[in-house]
Amino acid sequence: MNVLARLQAAFRSALDGLVDSPSTYLEMIRPSQDPKFGDYQANLAMPLKSVLGGNPRDIAAKIVERLDVSALCDPPEIAGPGFINLRLRDEVIVEMLRTALRDERLGIAPVAEPKTVIVDFSSPNVAKPMHVGHIRSTVIGDSLSRILRFLGHRVITDNHLGDWGTQFGMIIYGFKHLRDESAYAAAPVAELGRLYRQVRAIMDYRAAVRELPKAEAEAKQLAAAAATAAALAAAAQGPEAKKAAGDAKRAARRSEEAAEQLASLREKIAKTEASPAASALAAQHADIERAVLDETAALHAGDAENRRLWEEFLPYCREDIQRIYERLAIRFDEELGESFYHPWLGETVDDLTKRGLVRDSDGAACVFLDGFDSPMIVRKRDGAYLYATTDLATIRYRVSTWNPDLCLYVVDHRQSEHFAKLFAAAKVWGFEKLELRHVSFGTVMGDDGRPFKTRSGDTVGLEGLLDEAVTRARAVVDENLKKNADLEFDETERQRIAETVGIGALKYADLSQNRSSDYVFSYDKMLALKGNTAPYLLYPYARVNGIFARGEVDAEALRRGDRAMAFVAPEERRLALLLLQFENVLLDVTVDWLPNLLAAYLYEVTTAFSQFYERCSVLDAPDETSRTTRLALCDLLRRTVRTGLDLLGIGVVERM
Ligand code: ARG
């Protein structure tokens, strides 16, 4: 059992008979921020005031009287308004280090009550190249799955591929009208990608032409409104002035946005019209939008030709994304795309109808849900099923196949409304016991504060992003090796290190952010050797390997954990305490599904290690006990970092 769990058990006994539900108060025992206040601090006397009455210091005294932590701590101290400060005895820390040292799992026991969890993540719409927007779901979902699995849960990862949507209508249309036969024969994936982009470009052009008049009118109107607001602000005086200035600023911003929107439409149009070939294409395919919808509908209705084409294309599309998953070291247990559920969609709507959950609204089948302004449409008037229908069918399939306790959907925050409705619908449909969670996340931004795009305004392809990260990591690796003349690496090894560091840095940059916020993408920042970055975490790992090699340390003997250990410097003790918190951090990650807590922890441990390493010589420690203690800390550090990074889906390099 970890330190915190042992302290909590002791407090539980102390609170038993004093309060009705001790559990809520046990959360208030946390590691102290400052060693002045001991190693752990229990902050429960203040909130207990409303339950027990009296003043918190007396409450704290009463708890301490009933508390038996003598096996773990020095006598507890009461501080300030009623904090209970706990200082662990050194022997206890050493004992726990031994347990961790001996255990492959660093002393972390699997959870007592494992759950079955389905993690639905990555889930790109295939038939178009993966782009930067897919990175977040992919790495966050992968990391949560790894952590849950490590903690002992039964995890099923499912890539809910979009393999049945309009994008197939697009490539089918493209294939029928625009294909280059020999290019397709030579490199089908590339040709399908080209067809997708070409159809997309024509559709975008047509949409832009259609939207232009409205955008022009809007920009004009907002520019006028901004001018008026600016004039009012200039004239306003006294208390009115501040409000008027604010209004003017907002109006200016709106006008600017509209102007940009208009400029981007004009640019799209100009790009096509600048090329006679592209203009001719756009003119020839004037009806493309309806035609694409028709191709999609025909596919869904079982049209033999479209079905055959879909079956021909799908393996190519999968192969294309598989290459990226391989580079990212991402694997799925299941890849049941949307198409898999197609045969059950009618039945799903029938079942909902039978239970009286569906009402007709203007020909569409709708599920009306309490607390929502608009219903969830499950079948359109033309008979087409929707994304939501598929998701309902998916829930039913998952329940009957795996009987999960929990299902996580790692999907962009823009789909919040969809999932809120889906979860509400699942509940009324009868899946009350199944816990459903939308693990949402923000957008990847460029340094201009807008969604990350290429210079020409296109979405950034994921493959190119990986290549660039690796190229830049290679430069960092080469630069670093210049400084360490004693390290010799051949070309293959350099490239291998660059691949690990580059991809690791990319993943870490994402995972170290709180998922709910947007974050700014920067190659320079994520590859920096200092700060909360992957290279910073990778260094000490390699460094400890160096120490063990130089000192010809027998790691196996050390891991028997039977030699004397003791702390001399405060840096040793602090590092030890931090290392012993690993399990708690992993459990914390699974409360609100925040892998960034693990990243922050690894950063903290690594920083504590640097401070320890600066202060304490390891191989030349003053005596055998110190040497053993320090080597043990080094070994636990590298294993904690390796395991922690592995749980983030990031590999380590033995030397760098
Ligand atoms: N394919 C969808 C998209 O790209 C994401 C699917 C997420 N998973 C789900 N069960 N809805 O937007």
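Here's a quick rundown of the structure. Along each chain, the written sequence defines residue order, and numbers are assigned to residues from 1. Where local features are concerned, this predicted model is filtered to residues with pLDDT of at least 70; where side-chain atom pairs are given and counted, the filter is 80 or more; whole-chain, interface and lining totals use all residues. Each side-chain value is derived from all of the structure's non-hydrogen atoms; neither hydrogens nor water enter the calculation.

1. A word on the overall build of the protein chain
Move 1: The helix and strand tally for the protein chain stands at 26 helices and 13 strands.
Move 2: C-alpha atoms of the protein chain, sized along the principal axes, occupy 85 × 70 × 70 Å.
Move 3: Counting only residues that meet the buried cut, the protein chain has 48% of its 656 residues in that class.
Move 4: Residue contacts are counted whenever heavy atoms from the two residues lie within 4.5 Å of one another. A fraction of 74% describes how many contacts in the protein chain between residues 6 or more apart in sequence connect residues 24 or more apart.
Move 5: Surface accessibility in these figures is a Shrake-Rupley result with a 1.4 Å probe; residues are shielded only by whichever protein chains are displayed. Summed over all atoms, the accessible surface of the protein chain reaches about 31600 Å², with 50% contributed by carbon and sulfur. For helices the rule is a DSSP run of H or I covering at least 4 residues; for strands it is a run of E covering at least 2, with both sets numbered from the N terminus onward. Only protein chains enter the accessibility calculation, which uses a 1.4 Å probe. A residue is then buried if its area is under 20% of the maximum for its type, exposed if over 50%, and partly exposed in between.

2. Comments concerning the pairing of strand β4 (residues 83-86)
Move 1: Any two strands with at least two DSSP bridges between them are considered paired. The pairing of strand β2 (residues 40-42) with β4 spans three bridges and is antiparallel. Considered in β4, the bridge of Ala42 is made with Ile84.
Move 2: When strand β3 (residues 77-79) meets β4, the two strands line up antiparallel, connected through three bridges. For Ile78, the partnering residue across the bridge sits in β4 and is Ile84.

3. Regarding the sheet that holds β3
Move 1: With antiparallel pairing, the four strands of this open sheet are ordered in space as β1-β2-β4-β3. Two strands lie at the open edges of the sheet, namely β1 (29-31) and β3, each paired on one side alone. Between one strand axis and the next, the sheet turns by 30° as a mean value, whatever way the strands run.
Move 2: Those strands touched by helix α4 (residues 56-66) are β3 and β4, and its axis lies near 170° from that of β3. Lines fitted to C-alpha atoms define the axes, with helix axes restricted to the stretch in contact, and inter-axis angles between N-to-C directions lie between 0 and 180 degrees.

4. Some points on the side chain of Ser255
Move 1: Of note, Ser255 is situated in helix α10 (residues 239-274).
Move 2: Assessed through its relative accessible area of 14%, Ser255 is described here as buried.
Move 3: Apart from the residues lying within four places of it in its own chain, the contact partners of Ser255 are Leu222, Ala223 and Ala226.

5. Thoughts on the site of the ligand
Move 1: Each residue is tested against the molecule or strand, and it is near if at least one of its non-hydrogen atoms lies within 4 Å. Every residue lining the ligand is accounted for by Asp120, Ser123, Asn125, His160, Tyr387, Asp391, Tyr409, Val411, Gln415 and Phe419.
Move 2: Measuring from a nitrogen atom of the ligand, one finds a backbone N or O atom of Ser123 at 2.9 Å.
Move 3: Residues are sorted three ways: Asp, Glu, Lys and Arg are charged, Ala, Val, Leu, Ile, Met, Phe, Trp, Tyr, Cys and Pro are nonpolar, and all the rest, Gly among them, are polar. Per-class residue counts for the shell around the ligand are four nonpolar, four polar and two charged. Pairing of N or O atoms within 3.5 Å defines a polar contact, subject to two protein rules: one partner must be a possible hydrogen donor and the other a possible acceptor, and residues neighboring in sequence count only if both atoms are side-chain atoms.

6. A look at helix α6 (residues 133-150)
Move 1: For α6, built from 18 residues, the straight-helix expectation of 26 Å at 1.5 Å per residue is met to within 8% by its first-to-last C-alpha distance of 27 Å.
Move 2: The buried count for α6 comes to 15 of 18 residues, which makes it a mostly enclosed element.
Move 3: With its phi angle positive at about 105°, Gly152 sits one or two positions after the end of α6. In this analysis, the expected span of each helix is defined as 1.5 Å times one less than the number of residues it contains.

7. Comments concerning the sheet that holds strand β10 (residues 406-410)
Move 1: Spatially, β6-β5-β10-β11 is the arrangement adopted by the four strands of the open sheet, whose pairing is parallel. Each edge of the open sheet carries a strand with a single partner, namely β6 (154-158) and β11 (435-439). Within this sheet the neighbouring strands show an average axis-to-axis angle of 20°, counted without direction.
Move 2: Across five bridges, the pairing between β10 and β11 is parallel. Its bridge partner lying in β11, Leu408 is registered against Arg437.

8. A look at the nonpolar core
Move 1: Here, the term nonpolar core denotes a set of buried Ala, Val, Leu, Ile, Met, Phe, Trp, Tyr and Cys residues that are joined through side-chain atoms within 4.5 Å. Counting 177 residues, the largest nonpolar core has Phe11, Ile63, Phe168 and Leu598 as the members making the most contacts within it.
Move 2: A total of 12 residues in this core trace back to one element, the largest contributor, which is helix α9 (residues 188-235).
Move 3: With residues near it in sequence (within four places) discarded, Phe168 still touches Val126, Ala127, Gly162, Asp163, Leu299, Trp310, Phe313, Leu314 and Cys317.
Move 4: Judged by nonpolar contacts, the second largest core, of 31 residues, contains Ile156, Leu352, Phe419 and Leu434.

9. Description of the pairing of strand β7 (residues 358-361)
Move 1: Note that β7 and strand β8 (residues 364-367) share four bridges and pair antiparallel. Bridging across to β8, Asp360 finds its partner in Ala365.
Move 2: Once β7 ends, the chain turns through two residues before running back antiparallel as β8, passing Asp362 with a positive phi of about 55°.

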